[in-house]
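Each chain, written out:
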Amino acid sequence: MTTVKYNFYKEIDGAKVYRELLGDKYVIEIYEDGRIVSIHFYFDPLGNLIINNVYKNMRNYNTYRYIKKYAENKSLVDIMMKLKIN
């Protein structure tokens, strides 16, 4: 098991974005109901957005319904797509 290091990348529309130190994966942190939600995502070689994990209050929600909930949030997807351009 290896530990992946993420560093603060920038803040976009009030959401903190972290980038993997030696890679192309991102974590976006938002507040929902007073709790931190961390969404792990990356872009595949074709440029499609892939959300692969969601952590809420330090619990892992790696199921389709939780990932779908955040993937359908237009404001979050807009923030994530801004990272694709950069």
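The sections below set out a description of the structure shown in this document.

### Looking at the pairing of strand 5 (residues 49-56)
With seven bridges joining them, strand 4 (residues 35-43) and strand 5 adopt antiparallel strand pairing. Directly across from Phe43, in strand 5, lies its bridge partner Leu49. Between strand 4 and strand 5, which pair antiparallel and follow one another directly, the connecting turn spans five residues, one of which, Gly47, has a positive phi of 90 degrees. As judged from the two bridges shared by strand 5 and strand 6 (residues 59-60), these two strands associate in the antiparallel manner. Residue pairing across strands places Tyr55 opposite Asn60, the latter belonging to strand 6. Where strand 5 hands over to strand 6, the hairpin turn is made up of two residues, of which Asn57 adopts a positive phi near 55 degrees.

### Some remarks on the pattern of salt bridges
Taken as a whole and judged by the stated rule, the model has five salt bridges. Here Lys56 ties to Glu32 by a salt bridge, and the two come within 3.0 Å at their closest N and O atoms. Of the two residues, Lys56 is situated in strand 5 and Glu32 in strand 3 (residues 26-32); the sequence distance between them amounts to 24 residues. Classification of Glu32 by relative accessible area gives buried; the value is 18%. Here Lys68 makes a salt bridge to Glu72, at a shortest N to O gap of 3.8 Å. Lys68 sits in the partly exposed class, given a relative accessible area of 35%.

### With respect to the nonpolar core
In a soluble, globular protein the nonpolar side chains are often hidden away together inside. Formed by 19 residues in total, the largest nonpolar core has its most connected members in Ile28, Ile39 and Phe41. Contributions of two or more residues to this core are made by strand 2 (15-20), strand 3, strand 4, strand 5, helix 1 (64-71) and helix 2 (74-85). Beyond its immediate sequence surroundings of up to four residues, Phe41 is in contact with Lys25, Tyr26, Val27, Ile28, Leu49, Ile50, Ile51, Asn52, Met80 and Leu83.

### A closer look at the pairing of strand 3
Most of strand 3 is tucked away, with five of its seven residues classed as buried. Relative to strand 3, strand 2 runs antiparallel, the two being bridged by four bridges. Within the sheet, the bridge partner assigned to Arg19 lies in strand 3 and is Tyr26. Following strand 2, the chain reverses through five residues before pairing antiparallel with strand 3. Relative to strand 4, strand 3 runs antiparallel, the two being bridged by seven bridges. Within strand 4, the residue paired with Tyr31 across the bridge is Ile36. Hairpin connection of strand 3 to strand 4: two residues between the antiparallel strands, including Asp33 at a positive phi of 55 degrees.

What counts and how
- Once a new chain begins, its residue numbering starts again from 1 and follows that chain's sequence as written.
- Only residues with pLDDT of at least 70 get local features here, since the model is predicted, and only at 80 or more are side-chain atom pairs given and counted; chain-wide, interface and lining totals rely on the full set of residues.
- In computing side-chain values, all of the structure's heavy atoms are included and hydrogens and water are not.
- Strands were regarded as paired on the criterion that DSSP finds at least two bridges between them.
- Only DSSP runs of H or I reaching four residues or more are called helices, and only runs of E reaching two or more are called strands; each is numbered from the N terminus.
- By definition here, a salt bridge exists when the distance from a side-chain nitrogen of Lys or Arg to a carboxyl oxygen of Asp or Glu is within 4 Å.
- Remark: exposure states derive from per-residue accessible area (1.4 Å probe, protein chains only) relative to the maximum for the residue type, with buried under 20%, exposed over 50%, and partly exposed in between.
- Among buried residues, the Ala, Val, Leu, Ile, Met, Phe, Trp, Tyr and Cys ones that are joined through side-chain atoms within 4.5 Å form a nonpolar core.
- Note on contacts: a residue pair qualifies if any of its non-hydrogen atoms lie within 4.5 Å across the two residues.

In short, the description is geometric, and any link to function would need to be established separately.
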